[in-house]
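Residue-level structure breakdown
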Amino acid sequence: MEININCDLGESSKLHSTKNDPLLLEIVNSANIACGYHAGDKPTMEKTIEISKKNNVSIGAHPSFYDPENFGRKRLNLTSGEIEKLIIDQIIILSNVATNKGMRVTHVKPHGALNNMACEDYELAKIISESIIQVNKELIFLVPTGSQMEKAGKKLGIKTAAEIFADRNYEDSGNLVSRSKENAMITDPEIAKKHVIKMVENQAINCYSGKQIPCDIDSVCVHGDGKSAVDTAKEIKKGLIKSGVTLNPLDKMKKFI
């Protein structure tokens, strides 16, 4: 079985530190890099791409609402044209920086509130999918498994990678437990590892209640913030390898070649 480990990186802002990024880039297979709308800037993009290149980590755009004050976590109602523009602009911003560093953008993963809204809203998911196609139909669309984005991406014929979250609990609906709730995060690396291995082996989401929801799993997302972020990523990587899984960057996975 082939699995990818991805992480949101390059998110320099007053609300987020990038101090773990170099260590995480020695562990993960793919990096979702902030494009300056919710976090990040050109020097941070350059640095993140340079370290990714050194570690054979594939890079993707991590587009968001233009909302640095709220780290892209505030829901905004934009027109379809505004959504299309912000997706295209952010992919191009990162692609230009990547080209100058001898790298290419291989995937796209929406961030924060934009991601959460598109998980629930097929029309929004369709607009995002169509925007990606406008830039490059070969880009891989990295989306939460079971989401409306997964449905839209597959219906429109984009290469679609379905992800689970290593350090987040799930509701019975298949959605993530809200960060406003106490049980949203999994902070113990050992528990996170068991959570991931069980989901990957069963190809099913583990809900907090104990319910399991069958799904496709191509990638595991580890978050870069939090005291246990690096230890969690290490444990998950070790656990997946021990269970016989082959780890690859998204663009090197057989199903996307």
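Residues numbered from 1 in each chain as written. Predicted model: local features only at pLDDT ≥ 70, side-chain atom pairs only at ≥ 80, totals over all residues. Heavy atoms only, no water.

Description of the nonpolar core
Heads up, the rule is: Only buried residues count toward a nonpolar core. Its members are Ala, Val, Leu, Ile, Met, Phe, Trp, Tyr and Cys residues joined through side-chain atoms within 4.5 Å. Note on classification: 1.4 Å probe, protein chains only; a residue is buried when its accessible area is under 20% of the maximum for its type, exposed when over 50%, partly exposed between these limits. Each helix is a run of DSSP H or I of at least 4 residues and each strand a run of E of at least 2, with the numbering of both proceeding from the N terminus. Contact definition: two residues touch when any of their heavy atoms are within 4.5 Å.
Grouped together as the largest cluster of nonpolar side chains are 68 residues, with contacts concentrated most on Ile83, Ile128, Val200, Val220, Ile236 and Leu240. Take this core: its biggest share by element is seven residues, from helix α3 (residues 80-100). Every residue in contact with Val220, bar those within four places of it in the chain, is listed here: Ile3, Asn4, Ile5, Asn6, Ile164, Ala166, Val196, Val200, Ile236 and Leu240. With six residues, the next largest nonpolar core counts Leu142, Leu250, Met253 and Phe256 among its residues.

Structural notes on the environment of Gly146
Its location among the elements puts Gly146 in the loop between β5 (140-144) and α6 (148-155). Owing to a relative accessible area of 51%, Gly146 belongs among the exposed residues under this scheme. In sequence terms Gly146 and Val230 are 84 residues apart; their C-alpha atoms lie 27 Å from each other.

Remarks on the state of the cysteines
As used here, a disulfide is simply a covalent bond connecting the sulfur atoms of two cysteines. Put simply, the test is: The disulfide definition used here is simple: a pair of cysteine sulfur atoms within 2.5 Å.
Considering all chains together, one arrives at zero disulfides under this definition. The cysteine Cys215 is free of any disulfide, with Cys207 supplying the nearest cysteine sulfur at 9.5 Å.

Digging into the pattern of salt bridges
Applicable threshold: Should a side-chain nitrogen of Lys or Arg be within 4 Å of a carboxyl oxygen of Asp or Glu, the pair is scored as a salt bridge.
According to the stated counting rule, one finds 18 salt bridges in the structure shown. The salt bridge involving Glu50 is made with Lys101; its shortest N-O contact spans 2.5 Å. A residue pair is termed long-range when its members are at least 10 positions apart, and Glu50 in helix α2 (residues 42-54) and Lys101 in the loop between α3 and β4 (105-108) qualify at 51 residues. One salt bridge connects Glu235 with Lys238, and the closest N-O pair in it is separated by 3.2 Å. Here Glu235 pairs with Lys238, and both are found in helix α8 (residues 229-242), just three residues apart, close to one helical turn. Glu235 sits in the buried class, given a relative accessible area of 17%. A single salt-bridge network, built from bridges that share partners, covers Glu190, Lys193, Glu235 and Lys238.

A look at the packing of helix α4 (residues 112-120) against helix α5 (residues 122-135)
Put simply, the rule reads: Note on method: axes are straight lines fitted to C-alpha atoms, helices fitted across the in-contact stretch only, with angles between N-to-C directions ranging 0 to 180 degrees. An angle counts as roughly parallel when it lies under 35 degrees, as roughly antiparallel when it exceeds 145, as roughly perpendicular when it falls between 65 and 115, and as oblique in every other case. Crossings are sorted by hand: turned counterclockwise from the far helix by less than a right angle, the near helix makes the crossing left-handed, and turned clockwise it makes it right-handed.
Here α4 crosses α5 at 120°, and the two axes come no closer than 5 Å. Our classification of the angle between α4 and α5 gives oblique. The interaxial crossing formed by α4 with α5 has left-handed handedness. The residues of α5 that touch α4, namely those facing Leu114, Met117, Ala118 and Glu120, are Tyr122, Leu124, Ala125 and Ile128.

Focus on the environment of Leu139
Summarising the element assignment, Leu139 is placed in the loop between α5 and β5. In this structure the C-alpha to C-alpha distance between Leu139 and Phe256, which are 117 residues apart in sequence, comes to 9.7 Å. In this structure, Leu139 is in contact with Ile91, Val105, Thr106, His107, Val108, Ile132, Ile158 and Lys159, ignoring residues within four places of it in sequence.

A word on α8
Stated precisely, the cut-off is as follows: Each helix should span, by expectation, one fewer than its residue count multiplied by 1.5 Å.
In this model α8 runs 20 Å from its N-terminal to its C-terminal C-alpha over 14 residues, within 8% of the 20 Å that 1.5 Å per residue would give. Buried residues of α8: Ala229, Val230, Thr232, Ala233, Glu235, Ile236, Gly239 and Leu240, and no others. Elements that come into contact with the buried residues of α8 comprise β1 (2-9), α1 (21-24), α7 (189-202), β9 (219-222) and β10 (246-247). Where α8 ends, the next residue or the one after it, Gly244, has phi of about 95°, a positive value.

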